[in-house]
Amino acid sequence: EAQTTTTYVEVNAGFSTGGIPFFPGASVLYGATDRFQSGFIIDYQAGIAFPTLVTGKFGIGYDAKGTEITAGIRPWPPTTYGQVKIDRPGKTSDIIISVEGAMFPNEFIQRAIFTIGWRFNNKKYKDIRQK
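Residues numbered from 1 in each chain as written. Predicted model: local features only at pLDDT ≥ 70, side-chain atom pairs only at ≥ 80, totals over all residues. Heavy atoms only, no water.

Student: Got a sec to walk through the confidence of the model for the chain? Specific residues and values, please.
Tutor: Residue-level pLDDT values for the chain average 88, and 89% of them are 70 or greater. Every residue in residues 124-131 scores below 50 in pLDDT, and together they form 14 contacts with partners more than four places removed in sequence or on other chains. (pLDDT = per-residue confidence, 0-100. Contact = heavy atoms within 4.5 Å.)

As structure tokens, this is what we get:
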């Protein structure tokens, strides 16, 4: 089965709930998505974040031709997540919406993380998708 790989830079902002309600956070990540002809995708990324300093994600999902739905894990802070990517043809970025739940919730750390992001894909990938 044929596979294409897309690299991207993603910028996210949001908040977490837990010991401090609505604690702000942000991240800048470099990532890649492997796509298969069946629509199956593997998405992975790593980068810098506030307040955790470093972060990353690994997920699997489905590309429904304009919307990607992914589920996975974030090793730090340890969470599971669900994510939707909404393509914006002709724009410089796509939109990412993510909801995460802490793997080990307690009153001192976050219980959930809610973010919105902008994913800037490389030009080669955008050209392939618009054909």
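Student: Go over the packing of aromatic side chains with me, naming the residues and quoting the values.
Tutor: Under the definition given, this model contains 4 aromatic pairs. Here phenylalanine 15 and phenylalanine 22 contribute two aromatic rings whose centre-to-centre distance is 5.1 Å and whose plane-to-plane angle is 45°, an arrangement assigned as tilted. What makes phenylalanine 15 partly exposed here is its relative accessible area of 28%. Their ring planes at 20° and their centres at 6.2 Å tell us that phenylalanine 23 and phenylalanine 50 sit as a pair that is stacked. Note that phenylalanine 23 is positioned in strand E2 (residues 23-36) and phenylalanine 50 in strand E3 (residues 40-50), a separation of 27 residues in sequence. Here the aromatic cluster, defined as three or more aromatic residues joined through ring pairs, consists of Phe15, Phe22 and Phe114. (Phe/Tyr/Trp six-rings, centres within 6.5 Å; stacked < 30°, edge-to-face > 60°. Buried < 20%, exposed > 50% of the residue type's maximum accessible area, 1.4 Å probe, protein only. Helix = DSSP H or I, 4+ residues; strand = E, 2+ residues; numbered from the N terminus.)

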